[in-house]
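What follows is each chain in one-letter form.
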Amino acid sequence: MRIFNKFRGTKGFISTWERVIRFKYMISETAKERCRILAFWEKYGTAATKEAFKVSRPTLFCWQKSLKTQLGKLEALNKKSTAPKSKLLPAGRPVALDKTKVISYKSSMVKSSPRLSESSSCSSIYF
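Now for a look at the structure at hand. (Residues numbered from 1 in each chain as written. Predicted model: local features only at pLDDT ≥ 70, side-chain atom pairs only at ≥ 80, totals over all residues. Heavy atoms only, no water.)

### Topic: unusual backbone geometry
Under the convention used in this document: Numbered from the N terminus, helices here are DSSP runs of H or I no shorter than four residues, and strands are runs of E no shorter than two.
Here the phi dihedral of Lys-54 falls at roughly 60 degrees; this positive angle occurs in a residue that is not glycine. As for its position among the elements, Lys-54 is in the loop between helix 3 (46-53) and helix 4 (57-69). The backbone of Leu-71 shows a phi angle near 60 degrees, a positive value even though the residue is not glycine. In this fold, Leu-71 is placed in the loop between helix 4 and helix 5 (99-112).

Okay, structure coming up:
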């Protein structure tokens with residue numbers, strides 16, 4: 001059975017629909033609130049803003065800078081990821097579990113530590 005599409009042949013409908021879906025949730029409530037706080041800050045100053053919204057001065061400048069770099073688009077005020085850009089790795093462990101690296105790591109540990117041996121229970125940690 002053939003599927004009927006009433007928008008078939010309508011020029012620009014698909015791109016408009018994709019934009020509607022993309023922009024529907026683009027500006028979050030936090031971005032709107034941050035925009036209101038920035039407007040309040042410009043009108044009443046730092047002291048009143050800090051007292052009313054509990055937002056520090058560097059945070060306001062950070063929001064203002066991100067809004068300026070995005071040319072005034074409110075999506076710039078959305079919350080961004082707070083995950084670290086580079087995570088700390090445990091010291092003395094191989095980064096990737098490549099079999100050759102693990103074997104060389106274990107052999108170096110056996111050579112450097114007199115209490116470890118090839119047949120110890122620690123030698124099968126990775127495999």
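After that view, the rundown keeps rolling.
### Some points on the packing of aromatic side chains
Heads up, the rule is: Under the pairing criterion, centres of Phe, Tyr and Trp rings, with the six-membered ring standing for Trp, must be within 6.5 Å; the plane angle then separates stacked pairs below 30 degrees from edge-to-face pairs above 60, leaving the rest tilted. Whether a residue is buried, partly exposed or exposed follows from its accessible area with a 1.4 Å probe, protein chains only, as a fraction of its type maximum: under 20%, in between, or over 50%, in that order.
Inspection of every chain in the model, using the stated rule, returns three aromatic pairs. On the basis of an interplanar angle of 45 degrees and a centroid distance of 4.7 Å, the ring pair of Phe-40 and Tyr-44 is categorised as tilted. Remark: Tyr-44 and Phe-40 occur in helix 2 (residues 29-44); sequence separation between them is four residues, near one turn of the helix. A residue is classified by how much of its surface remains accessible, and Phe-40, at 24% relative accessible area, is partly exposed. An aromatic cluster is defined as three or more aromatic residues linked by ring pairs; in this entry it consists of Phe-40, Tyr-44 and Phe-53.

### Re the nonpolar core
Where we set the bar: By convention a nonpolar core is built from buried Ala, Val, Leu, Ile, Met, Phe, Trp, Tyr and Cys residues, the set being connected through side-chain atoms within 4.5 Å. Here a residue-residue contact requires only that any non-hydrogen atoms of the pair lie within 4.5 Å.
Counting nine residues, the largest nonpolar core is built from Ala-31, Ile-37, Leu-38, Trp-41, Val-55, Leu-60, Trp-63, Leu-67 and Leu-77. Where this core is concerned, the elements lending two or more residues are helix 2 and helix 4. Residue contacts for Val-55: discarding those within four places in its chain leaves Ile-37, Thr-49, Lys-50, Leu-60 and Trp-63.

### Quick notes on the packing of helix 2 against helix 3
How we decide: Here an axis means a line fitted to C-alpha atoms, over the contact stretch when the element is a helix, while the angle between two N-to-C directions is reported on a 0 to 180 degree scale. Classes in brief: Ala, Val, Leu, Ile, Met, Phe, Trp, Tyr, Cys and Pro nonpolar; Asp, Glu, Lys and Arg charged; the others, Gly included, polar.
Between helix 2 and helix 3, the shortest axis-to-axis distance is 7 Å and the interhelical angle comes to 145 degrees. Where helix 2 abuts helix 3, its residues Glu-33, Ile-37, Phe-40, Trp-41 and Tyr-44 lie against Thr-46, Ala-48, Thr-49, Ala-52 and Phe-53. Residue composition of the contact of helix 2 with helix 3, grouped by class: seven nonpolar, two polar and one charged.

### A word on the pattern of salt bridges
Filter applied, for reference: We define a salt bridge as a contact between a side-chain nitrogen of Lys or Arg and a carboxyl oxygen of Asp or Glu at a distance within 4 Å.
Taken as a whole and judged by the stated rule, the model has two salt bridges. Here Glu-29 makes a salt bridge to Lys-32, at a shortest N to O gap of 3.5 Å. Taken together, the residues span about one helical turn, with Glu-29 and Lys-32 both in helix 2 at a distance of three residues. Judged by relative accessible area, which is 56%, Glu-29 ranks as exposed. For Lys-32, a relative accessible area of 36% corresponds to the partly exposed category. A salt bridge links Glu-33 to Arg-36; the shortest N-O distance between them is 2.6 Å. In this pair, Glu-33 and Arg-36 are both assigned in helix 2, three residues apart and thus about one turn of the helix distant.

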